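Structural description and commentary
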Amino acid sequence: MTAMDGLEDTGAKVAPKLSYPCGAPPAGGETIEIAPGVKWLRMPLPFALNAINLWLLDDGEGWTAVDTGLGSADTQAHWNSVIDEALEGRPIARIIVTHMHPDHVGCAGWLSQRFGCPLWMSRLEYFSCRMLAADTGRQAPAEGVNFYRQAGWDEAALETYRKRFGGFGRMITPLPNTYRRIRDGEEIEIGGRNWRVIAGCGHSPEHACLYQPELNLFISGDQLLPRISSNVSVFPTEPEADPLADWLASCRKLRAALPEDVLVLPAHNEPFYGAHARLSALIDGHERGLDRLLTRLRERPRRVVDVFGALFARPIGPDLLPMATGEAIAHLNCLIQRGEAIKGIGTDGVALYGGS
């Protein structure tokens, strides 16, 4: 499980019935055409979630690549196979990255340099990526250490944070110094068809999805996944943020914008039908988590690390602690913004949350 993937809802209901019409995924370095001019490829990830889906869109004299995989030698080797076998002698002419997480943007710089092609991203995703990459080699900031100390982390966990700080930049190849901004609602012509940008947030700052009405396809990135819930976290850079409210609003936005029978092309798992049912399940799951969390807070004040059991179905060990902490704070901040919870700081400097 990477820092970009969600944790199971401890009170999750039975998942909605979805259908998966595209069959088994392509092997590494291979592609499957799932619609005219749309190729599905998959790159390996060295995590529990072990693969990411990428997309090649026929763009006339070249190809538009949507997302790029982790910035690793393994991913580059798989890209070399795709370039040799699947591009039909045509270059990658443009790279569109849905958002700035390393499994999506990691090879964007390498591909851009190799083909001399532009990178297209939303503004917040591009500059957030540049900011995180700039942390490489820096010491962990005092604000970050204090953020996790307030959450109830012990000294061993804080020391691990210090040692791992700045790791983002080691998972991506250097971004191009220029990019082309994409915006919510923009129409991008690719191979004679217009793909509409639908932006969402909560999982990342300005996540760009792509909808093509004639083919009835929706490239969803991490904004809509069939079998896992994307991580929605608060980070030390904006400790009072309310990304869960943004995420819920984005789910409702997608449900209103997309037809029920759209074929969703997600970043993880397989292409599926059932977008509306899945979006409703994601909304309902978080609302149930908020209800369970509020019940716990009304019993007695609790630290962040005390509320994991109300939100997550699995035990939280050291590897999952940062993600679980960020997601728990996202739920707590959402309750605070709704006027249902309050936060105080104890004499030991640790935050305590209670029902209002």
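Just so it is clear, the structure is predicted and the values come from calculations on it, not from any experiment.

With that out of the way, let us pick up the overall build of the chain. Each helix and strand counted, the chain has 10 helices and 14 strands in total. Relative to the globule expectation of 21 Å for 356 residues, the C-alpha radius of gyration of the chain, 20 Å, shows essentially globular dimensions. Taken along the three principal axes of its C-alpha coordinates, the chain extends 65 × 45 × 30 Å. The buried share of the chain, taken over its 356 residues, is 55%. Looking at the chain alone, contacts between residues at least 24 apart form 67% of all its contacts between residues at least 6 apart. When the accessible surface of the chain is summed, it comes to about 14800 Å², and 51% of that surface belongs to carbon and sulfur atoms.

Once that is clear, we can look at the sheet that holds strand E1 (residues 31–35). Spatially, seven strands are ordered E1-E2-E3-E4-E5-E6-E7 in an open sheet, and the strand pairing comes out mixed. Strands with a single pairing partner mark the edges of an open sheet, and in this sheet they are E1 and strand E7 (180–181). As paired elements, strand E2 (residues 38–44) and strand E3 (residues 51–59) share seven bridges and run antiparallel to each other. Across the sheet, the residue bridging to Pro44 is Ala51, located in E3. Where helix H1 (residues 73–85) meets the sheet, its contacts fall on E1, E2, E3, strand E4 (62–66) and strand E5 (92–96), and the angle it forms with E2 comes to roughly 150°.

Reading across the sheet, the five strands line up as E8-E9-E10-E11-E12 and stay open at both edges, with mixed pairing between neighbours. Sheet topology places strand E8 (187–190) and strand E12 (263–266) at the edges, where each strand pairs with a single neighbour. Direction aside, the axes of adjacent strands within the sheet are offset by 30° on average. Where strand E11 (residues 217–221) meets E12, four bridges bridge the pair, whose relative direction is parallel. Across the sheet, Phe218 pairs through a bridge with Val264, a residue of E12.

Our next topic: the nonpolar core. Judged by nonpolar contacts, the single largest core of 51 residues is most densely connected at Trp153, Phe218, Leu224, Leu297 and Val304. If you list the elements that add at least two residues to this core, you get helix H5 (142–150), helix H6 (155–164), strand E10 (207–212), helix H7 (243–257), helix H8 (275–299), helix H9 (308–311), helix H10 (321–337) and strand E14 (351–355). Not counting the four nearest positions on each side in its chain, Trp153 is found in contact with Tyr148, Leu158, Tyr161, Val305, Leu321, Pro322 and Thr325. Counting residues in each nonpolar core, the second largest holds 32 residues, with Trp63, Leu87, Ile95 and Cys107 among its members.

Our focus in this paragraph is the pattern of salt bridges. Applying the stated criterion to the full structure yields 19 salt bridges. Arg42 is the partner of Glu270 in a salt bridge, and the nearest nitrogen-oxygen pair spans 3.8 Å. Pair noted here: Glu270 is in the loop between E12 and H8 and Arg42 is in strand E2, with a separation of 228 residues, a long-range link. In this structure, Glu270 and Arg42 share a single accessibility class: buried.

Criteria and cut-off values
Residues numbered from 1 in each chain as written. Predicted model: local features only at pLDDT ≥ 70, side-chain atom pairs only at ≥ 80, totals over all residues. Heavy atoms only, no water. Helix = DSSP H or I, 4+ residues; strand = E, 2+ residues; numbered from the N terminus. Rg over C-alpha atoms; globule rule 2.2 N^0.38 Å. Buried < 20%, exposed > 50% of the residue type's maximum accessible area, 1.4 Å probe, protein only. Contact = heavy atoms within 4.5 Å. Areas by Shrake-Rupley, 256 points an atom, 1.4 Å probe, with all protein chains shown as cover. Pairing = 2+ DSSP bridges. Axes fitted to C-alpha atoms, helices over the stretch in contact; angles between N-to-C directions. Core = buried A, V, L, I, M, F, W, Y, C linked by side-chain atoms within 4.5 Å. Salt bridge = Lys/Arg side-chain N within 4 Å of Asp/Glu carboxyl O.

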